[in-house]
Amino acid sequence: MIVYADGGFREKDEAFYPLEERGVLFADGVYEVVRYDRGRPFEMDAHVRRLRASLAGIGLPWPGVEAAASLSDELVRRNGLPDARVYWQVTRSAAGGPGKRSFVHPEKPEPAITMIAYPAEPLDPAAPVEAGEAVIVEDVRWHRCGIKSLMLLPASMAKTEAKRRGAVEALFERAKPGAAGTHITEGSSTNAFAVIGGVLRTHPADGWVLAGVTRAVLLEAARSAALAVEERAFTRAELLAASEAFACSTTQVTALTSVEGTPIGGGKAGEVTRRLAAAYVRRVLGA
Ligand code: PMP
């Protein structure tokens, strides 16, 4: 497997981080995951835009950030992977390496770019919508979730808790300053949607959630299908009474057939979910 690391393409076994790599010591970096289907990257411009925004959010300049797209394409080509998920990571280094462990950023930071292309199953347009159960956990993350940061410990703990409880996703719930009660923000690695009173709802793309690329694609598909859509947070009670719920990310749209043991929409993927999942598949395949 060829990866991109330390300024070049090399065999994975020959790529190493320095011991004091800030991505490891401080989670000082950001990432993206881009899907390729039949050799075609999906929503490349949106990923580059979000990467630029995440880097600005942590104050790490990469003036040539557009190069991420061609590095990624080249990595997929070198690995001969028409269907892939490409992980991009940019951490804060400095000329000559990260230096000794220090909370203070290096004076002249440089982006250290790593990319790994993982093979993926070819997308089957005829496959039924993925479905699974969700649990709800407290959203203990910071207040800048719009930055796709490497600080994934809360998400990893939440997903592990979901798995332990036989669920596929953990939905985060939190009390937000200035808002009454608590709201569902998003999933540990997904954006969350629910159909409530006939309206498709999802949390606004503010600092409490990541502005998912798939989220934007599905919102656009819903609006062009003239569905009623509202970017407005919902509560646990609204979710448990919803007629449909789903979670989405670059990997897939997943119907949530129950939340905390309460069946949603009779325990099956609903009409809106199926329509939007189909629209997503068409978009991914460029149809
Ligand atoms: N929210 C969070 C917290 C995520 O980690 C992800 C995926 N990385 C998403 C939403 C979905 O984003 P996208 O559709 O761009 O994959």
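Residues numbered from 1 in each chain as written. Predicted model: local features only at pLDDT ≥ 70, side-chain atom pairs only at ≥ 80, totals over all residues. Heavy atoms only, no water.

The protein chain is annotated in an unreviewed UniProt entry as D-amino acid aminotransferase from Phycisphaera mikurensis. Of the protein chain, the UniProt comment under Cofactor (unreviewed entry) reads exactly: "pyridoxal 5'-phosphate". Recorded under Sequence similarities (unreviewed entry), the UniProt text for the protein chain is reproduced unchanged: "Belongs to the class-IV pyridoxal-phosphate-dependent aminotransferase family." (UniProt positions renumbered as here; feature names shortened; annotations may be inferred.)

Looking now at the pattern of salt bridges. Taken as a whole and assessed by the stated rule, the structure comprises 21 salt bridges. Linking Asp-139 and Arg-141 is a salt bridge whose minimum nitrogen-to-oxygen distance equals 2.8 Å. The residues Asp-139 and Arg-141 share a single accessibility class, namely buried. Its salt-bridge partner being Arg-232, residue Glu-230 comes within 2.8 Å of it at the nearest N-O pair. Three or more residues joined by partner-sharing salt bridges are found here, namely Asp-139, Arg-141, Arg-174 and Glu-186. (Salt bridge = Lys/Arg side-chain N within 4 Å of Asp/Glu carboxyl O. Buried < 20%, exposed > 50% of the residue type's maximum accessible area, 1.4 Å probe, protein only.)

Inspection of the secondary structure assignment puts Gly-198 in the loop between strand S10 (191–196) and strand S11 (199–202). A residue is classified by how much of its surface remains accessible, and Gly-198, at 56% relative accessible area, is exposed. Sequence separation between Gly-198 and Ser-243 is 45 residues, and the spatial gap between their C-alpha atoms is 8.0 Å. (Helix = DSSP H or I, 4+ residues; strand = E, 2+ residues; numbered from the N terminus.)

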